[in-house]
Amino acid sequence: MAESDWDTVTVLRKKGPTAAQAKSKQAITSAQRRGEDIETTKKWSAGQNKQHLVTKNTAKLDRETEELHHDRVPLEVGKVIQQGRQEKGLTQKDLATKINEKPQVIADYECGKAIPNNQVLGKIERVIGTKLRGKDIGQPLEAKPKKK
């Protein structure tokens, strides 16, 4: 006990200001008074919910629905898929399982809502045995001779 000196204080660790304290108006003004360098950056639309801005281009896209839209599967193709599926005795779910797609994909193709994907159309063609692309839609798919 004789060794301890009551006049000296040992600080083991002094914490710096937290991020919130460093950004406060008081911390900034005190740093300015001390002559320290202060870096300020403006975040774009910070603190605002501006994820979906309506710009001129967005409004123009809304007005021009006929020119700027994705092509959909024609209803003719949807009816051919439906007929071919029913001839094979398959449900939409069965057909979807055979081509490794979700049943909603088949439903979208049959009602003409889907955006055409050649890979999906090719798989459906092979399962139902009917052409879905090109000029002769609805014709039986010719089996190509296998290469040896």
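It should be emphasised that the depicted structure is a prediction, and the values quoted were computed from it without experimental measurement. Note on numbering: residues in each chain are counted from 1, in written sequence order. The predicted nature of this model means local features are confined to residues of pLDDT at least 70 and side-chain atom pairs, given and counted, to a pLDDT of 80 or more, with totals for whole chains, interfaces and linings taken over all residues. Calculation of side-chain values draws on the structure's entire complement of heavy atoms; hydrogens and water are dropped beforehand.

By definition here, a salt bridge exists when the distance from a side-chain nitrogen of Lys or Arg to a carboxyl oxygen of Asp or Glu is within 4 Å. The final tally for this structure, using the stated rule, is 4 salt bridges. The partner of Glu-110 in a salt bridge is Arg-85, with the nearest N and O atoms 2.6 Å apart. One end of the pair, Glu-110, is in helix H6 (residues 103-111); the other, Arg-85, is in helix H4 (residues 75-87), and 25 residues separate them in sequence. The class of Glu-110 is buried, set by a relative accessible area of 9%. Lys-123 is paired through a salt bridge with Glu-101; the nearest N and O atoms lie 3.6 Å apart. With a gap of 22 residues between them, Lys-123 in helix H7 (residues 118-128) and Glu-101 in the loop between helix H5 (92-98) and H6 connect regions that are remote in the sequence. On the accessibility criterion, Glu-101 (27% relative accessible area) is partly exposed. Secondary structure follows DSSP: runs of H or I at least 4 residues long count as helices, runs of E at least 2 residues long count as strands, and numbering of each begins at the N terminus. Per-residue accessibility, obtained with a 1.4 Å probe over protein chains only, is compared with the maximum for each type, and a residue is labelled buried under 20%, exposed over 50%, and partly exposed between these values.

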